[in-house]
Structure formats: structure tokens, C-alpha cells
Amino acid sequence: MKKFKVKRLAAEAVAVVTAVLIFIVPYFLIFFNSVKGRKEANLLRLDIPAEWHFENYIEVIKANNYILLTAFKNSILIALLSVFAIILTASAAAYVLQRRSGKVSGVISIIFLTGLMIPPAIMPTIWLLKSLHIYKTFFSMVMIESSLQLPFSIMLYRSYMSSIPRELEEAALMDGCTPLKIYTSIIFPMLKPVSATAFILNFITIYNDFVNPLYFFPGTENATVQLTIYNFIGQFSNSYNLLFADVVVITIPMLILFIFFNKKIIAGMAAGSVKG
């Protein structure tokens, strides 16, 4: 028994050290270099700054006519609209697919699963958006981000929904409720744990997206937070302190979100398997 405890403690210690090396050390490297002078930051060393230059953050925020603030607005708006669309559509689709069995449901499930494996086609999508006259619009970005995250979200909801007893729906049907009323009044309110998980995971994913805004939402006025790094690489290529300052600023909101809601993420993903 003692040997087992020693091995367990050793494994936990290794896991903690590995996590620190992989996640904490790089973040300290970025933070320390973000508050150094230009020459000192360009050495890319993991040491405490000789002089602290917090004005780097102000300079980055003011750069390019406050483009970083515009990027925050665009990223948060796209992420919020996309997440709400995902929650509404994924929960409804998962409810139908989970409750109905048959060849049609099986085929539709396979189609959704292929969305996890097939990457988006860039040029055909751009051609389609231009044909519909919605290229470089918030609407097109919300539709693209929502559709790309739907397969995973449907799987998440479907797994959780299997733990909800069918007897609740049968009793509601006997009381005269319509299927739509059952879903909106009974099923959807019971999906709060998994909805919180879907909200946080999809919000972080869409907020951190770089490729889709680069191709489908170009333009200075359409900048997103990840594109500011791409733009600042050219502008501040010899000023790593400012580049790292930009990374720190755009990382802080998601870091805070994950720290405060990581328990909800784990609980929502595990709830279906535990109950089932």
C-alpha cells in the first residue's frame, strides 16, 4: 500500500513539473519580455527585467489607431454570436438525433461526424460568400465559425442528453405538450451544465481562431485579436517587447475565463458519462 502511494505521489509530481514546464514557463517568458526594453527583450531570455517597462502595454494599445480595441470588439462579438447560434442549433439537433433511431438519423450523424475530419475549403467558400454578397461581413463569419464547431457541440449535447430519462417527455405528452414545448420547457432547461461547457469551449476556440478571419474577414476594420499578432510581427519585428505585450493583452481575458470556469467545463463534459 505504501509503495502504491509513493508511486502515485511520484506520478503526480512528474505531472505537475511537466505542466509547469509546458504551460507556466513559456508564459513567464512572454510576460517578462513584454515589460523589458527593446534591446533586453530581443535577447529572448527567461530572467527578471533590469527595468520594468509597463508602458509597452499602453504603446501596443495605442498602435495603429487603437486597432487592438477594434480587434477585441470584433473577436468578442463574433464569438458571442457564434456561440449562441451553436447552442441553439446543436442542442436541438442533438435532441432529435438522440431520441430518434433509424437509418436517416444514422446517416445524418455520420454527416455531422465527417465535419470533424474534413477541413474547410478556402477558395470555394470565398467564391460562395462573394456570390451571396456577404464576404467580409459579421454574418458570414458567424455562419462559418458556427458550422465548423457544430459537429463537436452536437456530440457533446447528444452524450449528455442520453442521461435525461424519456419518462419526462412521455409524461409531458400525456399532459398535452407538443414536441416543441417539451424541448423548450423541459429538455433545454436541463441542459445548463453542458450548455455552459459548450459556451466556454466554443467561445475560447472562436476567440483564438486565426485562419478563418485571415481568409474570410480581411481588412483593418475587421481585425481580430489573433490577427493583431500577425500584423505586429511585421510592424514590431525588431521589438519583441511590444510583440509579447500584445500577446499578453489578448491572452488575459481567455486565461481569466478558463481559471474561473474550468470546473464547469470538466463537469459538463463528464456529466453525461457519469449519469449514463
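Just so you know, these numbers come straight off a predicted model, no measurement behind them.

Undergrad: Explain the overall build of the protein chain here, please?
TA: The helix and strand inventory of the protein chain stands at twelve helices and zero strands. Reading the helices (α) and strands (β) of the protein chain from amino to carboxyl end gives α-α-α-α-α-α-α-α-α-α-α-α. In terms of its C-alpha atoms, the protein chain occupies a principal-axis envelope of roughly 75 × 70 × 30 Å. Considering only residue pairs separated by 6 or more positions, the protein chain has 74% of its internal contacts joining residues 24 or more positions apart.

Undergrad: Which parts of the structure should I look at to understand the packing of aromatic side chains?
TA: When we look at a pair of aromatic rings, we describe it by the centre distance and by the angle of the planes. Taken as a whole, this structure holds 13 aromatic pairs when the rule is applied. Ring geometry for Y95 against Y183: centres 5.5 Å apart, planes inclined by 35 degrees, an arrangement best described as tilted. Here Y95 is found in helix α3 (residues 55-99), whereas its partner Y183 is found in helix α8 (residues 179-187), with 88 residues between them in sequence. Residue classification places Y95 among the buried residues on the basis of a relative accessible area of 13%. One aromatic cluster in this structure is built from F28, F31, F32, W52 and F54.

Undergrad: Honestly, the UniProt feature "transmembrane region" (unreviewed entry) in the protein chain in this entry has me stumped. Any pointers?
TA: The UniProt record annotates "transmembrane region" (unreviewed entry) at residues 9-32, 76-97, 104-128, 134-157, 182-207 and 240-261. As annotated, residues 104-128 comprises 72% helix and 0% strand, and the C-alpha atoms at either end are separated by 28 Å. Within the segment residues 240-261, helix and strand shares are 100% and 0% respectively, and the terminal C-alpha atoms sit 31 Å apart.

Undergrad: Is there a simple way to think about a nonpolar patch on the surface in this case?
TA: A contiguous nonpolar patch, built from V16, V17, V20, L21, I22, F23, I24, F28 and L46 and spanning about 850 Å² of accessible area, is present on the exposed surface. Relative to the helices and strands, V20 is located in helix α1 (residues 2-34).

Undergrad: Would you take a moment to explain the nonpolar core for this structure?
TA: Soluble globular proteins: nonpolar side chains tend toward being buried together. If you look at the biggest cluster of nonpolar residues, it comprises 57 residues, and the most contacted ones within it are Y157, M161, I187 and L191. Counting residues per element, the ones that place at least two in this core are α3, α5 (122-131), α6 (138-161), α8, α9 (192-207), α11 (225-235) and α12 (240-275). With 17 residues, α3 is the single largest residue contributor to this core. Not counting residues up to four positions away in its chain, the partners in contact with L191 are S91, Y157, Y160, M161 and I164.

Undergrad: Mind showing me how you'd approach the side chain of S153 here?
TA: With respect to the element layout, S153 can be found in helix α6. For S153, a relative accessible area of 0% puts it in the buried group. Sequence-distant contacts of S153, defined by excluding residues within four places in its chain, comprise I86, A90 and N202.

Undergrad: For this particular structure, what's the right way to read the pattern of salt bridges?
TA: Pairs may arise between side chains of opposite charge once their charged atoms sit close together. Using the criterion set out here, one finds two salt bridges in the structure. Across the salt bridge formed by K36 and D47, the nearest N and O atoms sit 2.4 Å from each other. A residue pair is termed long-range when its members are at least 10 positions apart, and K36 in the loop between α1 and α2 (38-41) and D47 in the loop between α2 and α3 qualify at eleven residues. Among the residues examined, K36 registers a relative accessible area of 0% and is labelled buried.

Undergrad: When you look at the domain arrangement of the protein chain in this model, what are you seeing that I'm missing?
TA: In many analyses, interface size is given as the accessible surface area lost on bringing the parts together. Assigned domains of the protein chain: these are domain 1 (1-51) and domain 2 (64-275). Here the C-alpha centroids of domain 1 and domain 2 sit 31 Å apart. Here domain 1 packs against domain 2, burying approximately 900 Å² in sum over the two surfaces, 72% of which is carbon and sulfur. Across the contact surface, domain 1 and domain 2 share two residue pairs in polar contact (both at pLDDT 80 or more). Mapped onto the side of domain 1 that touches domain 2, the elements with two or more residues apiece are α1 and α2. Ranked by the residues each element gives to the side of domain 1 that touches domain 2, the list is headed by α1, at five residues. Class assignment of the residues belonging to the side of domain 1 that touches domain 2 gives a composition of five nonpolar, four polar and two charged.

Cut-offs used in this document
- Residues numbered from 1 in each chain as written.
- Predicted model: local features only at pLDDT ≥ 70, side-chain atom pairs only at ≥ 80, totals over all residues.
- Heavy atoms only, no water.
- Helix = DSSP H or I, 4+ residues; strand = E, 2+ residues; numbered from the N terminus.
- Contact = heavy atoms within 4.5 Å.
- Phe/Tyr/Trp six-rings, centres within 6.5 Å; stacked < 30°, edge-to-face > 60°.
- Buried < 20%, exposed > 50% of the residue type's maximum accessible area, 1.4 Å probe, protein only.
- UniProt positions renumbered as here; feature names shortened; annotations may be inferred.
- Patch = residues over 30% accessible without salt bridge, like charges linked within 9 Å, V, L, I, M, F, W, Y side chains within 5 Å.
- Areas by Shrake-Rupley, 256 points an atom, 1.4 Å probe, with all protein chains shown as cover.
- Salt bridge = Lys/Arg side-chain N within 4 Å of Asp/Glu carboxyl O.
- Core = buried A, V, L, I, M, F, W, Y, C linked by side-chain atoms within 4.5 Å.
- Domains from an automatic or database assignment.
- Buried area = accessible area lost by both parts, 1.4 Å probe.
- Polar contact = N/O pair within 3.5 Å; in protein donor to acceptor, adjacent residues only side chain to side chain.
- Nonpolar A, V, L, I, M, F, W, Y, C, P; charged D, E, K, R; others polar.

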